[in-house]
Amino acid sequence: MTTTDDRPPLATLIRRGLRLRCPACGEGKVFRNWFSMNDPCLECGRRFDREPGYLLGSIYFNYGVTALLVVVIYFALYFSGTLTNNQRLVALGIFSLMFPLWFFRYARALWIAFDEQFDPWPNEKERRNMSD
Ligand SMILES: [Zn+2]
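Since the structure is predicted, the reported quantities are computational estimates derived from the model, not experimental observations. (Residues numbered from 1 in each chain as written. Predicted model: local features only at pLDDT ≥ 70, side-chain atom pairs only at ≥ 80, totals over all residues. Heavy atoms only, no water.)

## What to know about the coordination of the zinc ion
At step 1: The protein atoms donating to the zinc ion are C22 (SG), C25 (SG), C41 (SG) and C44 (SG), with metal-donor distances spanning 2.2 to 2.4 Å.
At step 2: Viewed at the metal, the 4 donor atoms of the zinc ion are separated by angles of 106 to 114 degrees, and the geometry they form is tetrahedral.
At step 3: All donors of the zinc ion belong to a single chain; written as a sequence motif, their spacing is C-x2-C-x15-C-x2-C.
At step 4: Owing to a relative accessible area of 0%, C22 belongs among the buried residues under this scheme. (Donors = N, O, S within 2.8 Å, 3.2 Å for Na, K, Ca; no water. Tetrahedral: all angles 85-135°; square planar, octahedral: opposite > 155°, others 65-115°. Buried < 20%, exposed > 50% of the residue type's maximum accessible area, 1.4 Å probe, protein only.)

## Structural notes on the side chain of R108
At step 1: Mapped onto the secondary structure, R108 falls in helix α3 (residues 85-118).
At step 2: Filtering out sequence-adjacent residues up to four positions away, R108 remains in contact with F31, M37, L55 and S58. (Helix = DSSP H or I, 4+ residues; strand = E, 2+ residues; numbered from the N terminus. Contact = heavy atoms within 4.5 Å.)

## Here's the deal with the packing of aromatic side chains
At step 1: Inspection of every chain in the model, using the stated rule, returns 14 aromatic pairs.
At step 2: On the numbers, 5.9 Å between centres and 20 degrees between planes, the contact of Y74 with Y78 is stacked. Of the two residues, Y74 and Y78 both sit in helix α2 (residues 57-80), 4 residues apart, roughly one turn of that helix.
At step 3: By relative accessible area, which is 30% here, Y74 ends up partly exposed.
At step 4: Measuring from ring centre to ring centre gives 5.2 Å for F95 and F99, while their planes differ by 20 degrees; the resulting arrangement is stacked. Residue F95 and its partner F99 are located together in helix α3, separated by 4 residues, close to a single helical turn.
At step 5: By relative accessible area, which is 22% here, F95 ends up partly exposed.
At step 6: We classify F99 as buried; its relative accessible area is 13%.
At step 7: Counting every residue linked through ring pairs, the aromatic cluster contains F61, F95, F99, W102, F103, Y106 and F114. (Phe/Tyr/Trp six-rings, centres within 6.5 Å; stacked < 30°, edge-to-face > 60°.)

Written out as structure tokens, the structure is:
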């Protein structure tokens, strides 16, 4: 069992995720450009892509936020009566294509930050692999 006493509070982890910074040290940048990650962290060495498929969870996170926003915006537009049905369809279609591209980096950084809260790096298995 890893000790969790030295991990930052969840609010700090979320703030670091929103700033696209390493959740462990808060200094290293998670991304070096729009789609490429620095892995491991250039400041503290934390692995961002811990194992194959690890970052898949960020896709669910991205999808969930996008779907929630589409529903909220749909009803806001519906009840404001400013757009016709077809205009709403086109606007939300464009939004649902563009928003996930923009949110991609934040979804990954937040996914990594949440993971740091529940399974701080390195866990017991990763420690064992590093010592081998
Ligand atoms: Zn770091």
